Amino acid sequence: MDESRIVVGVDGSVRSLHALDWAAQEAAVRGVGLTLVSAYTVPTFYAPVLDGGFAGLDDTAIRASAEQVLADAASHVAAAGPEVTTRLVVGDAAGALVEASHEAGLVVVGTRGRGGFSGRLLGAVSAALPAHAACPTVVVPLRQGQKDTTTPLKRIVVGVDGSPSSQVALRHAVDEARLWQAELVAVSAVPIARAAGVLAWYPAAVDTEQVLREQEKAMTALVAGAAGDLEVRCVVLDGTGAELLTEFSAATDLVVVGSRGRGGFAGLLLGSTSQAVLHHSTCAVMVVTGSADRHAAEAAAD
């Protein structure tokens, strides 16, 4: 598979078709092809009369149904323009997409496909994929009452906290803004009020405005180094990254986050901010992991 291609997970659900529309639009702007991936499993049941104890169902009908899902999805985006290929995998959908991510430039999925619990915003695939993918992942939500349409990316917001992960996210956000000629806003959160309310040792007389100005100065320098001649608006506010980025998502077309910022547990693949934004964002969310950045560098070197 061409590493510039966009991989899309499809399962025939409305949410996956909405994500497919988003991916087709992105592919058209990038000038790359789409690879549609669908996965199915063959159910097994306990059969004590058999020596093995378990029996599997004939997968002929299941495979035919999965093939039809892929055919319908390919037909759905035929008019969008990008060249489309399909891949059918027997096994776990999240695992299939993680594997495909090693040979892709971007993986796109919906928030929740068929199956799962109705109250969950993220399904098993959209929850697991961003943490393990070898390339950036975009999770596209479809909220209640939202029309199943897509619009060009005009405004992109990226979370920046100075961590290596956020710097990787910033570079990808800059690339995306150049691609779409979109406005780029870099958001940094300084949880002053929250810290003052819960930490007994926190200084009582903190000059909030001074802290925010110093943070904005540092972030402006960091952003300028990554953005070059691209104009980026820097915003520093009192609050947490998860809260601010979720709020910004209501008036944004794409939120870009790193996998894990400052603080938290080093062993976590996704930090609390990226997880919260994935669960609550109104717009599409791009998660960029350190492994995704390394993968891109290795691909460019080959």
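A brief report on the enclosed structure follows. This one's a predicted model, so the numbers in the text were calculated from it and none came from an experiment. (Residues numbered from 1 in each chain as written. Predicted model: local features only at pLDDT ≥ 70, side-chain atom pairs only at ≥ 80, totals over all residues. Heavy atoms only, no water.)

With a phi angle near 55 degrees, Gln181 is a residue other than glycine that sits in the positive phi range. Positionally, Gln181 belongs in the loop between helix H5 (164–180) and strand S9 (183–190). On the basis of relative accessibility, which here comes to 75%, the residue Gln181 falls in the exposed class. (Helix = DSSP H or I, 4+ residues; strand = E, 2+ residues; numbered from the N terminus. Buried < 20%, exposed > 50% of the residue type's maximum accessible area, 1.4 Å probe, protein only.)

What follows is about the sheet that holds strand S2 (residues 34–40). Remark on secondary structure: sheet strands pair via backbone hydrogen bonds, oriented parallel or antiparallel. Strand order across the open sheet formed by ten strands is S5-S2-S1-S6-S7-S12-S11-S8-S9-S10, with mixed pairing between neighbours. The open sheet is flanked by strand S5 (84–90) and strand S10 (232–238), the only strands paired with a single partner. Direction aside, the axes of adjacent strands within the sheet are offset by 25 degrees on average. Strand direction decides the pairing type here: strand S8 (residues 155–159) and strand S11 (residues 254–258), joined by three bridges, are parallel. Bridge assignment links Ile156 to a residue of S11, and that residue is Leu254. Sitting on the sheet, helix H1 (residues 14–30) is in contact with strand S1 (6–9), S2, strand S6 (106–110), strand S7 (137–140), S11 and strand S12 (284–288), with an inclination near 155 degrees to S6. (Pairing = 2+ DSSP bridges. Axes fitted to C-alpha atoms, helices over the stretch in contact; angles between N-to-C directions. Contact = heavy atoms within 4.5 Å.)

What follows deals with the pairing of S1. On S1, burial covers both faces: Ile6 and Val8 on one face and Val7 and Gly9 on the other are all buried. Taken together, the four bridges between S1 and S2 define a ladder with parallel strand orientation. Residue pairing in the sheet places Gly9 in a bridge with Val37 of S2. In this region the chain leaves S1, passes through H1 and returns to the parallel neighbour S2; the handedness of that crossover is right-handed. Judged from the three bridges that link them, S1 and S6 form a sheet pairing that is parallel. (Right-handed = clockwise from strand over helix to strand, strands pointing away.)

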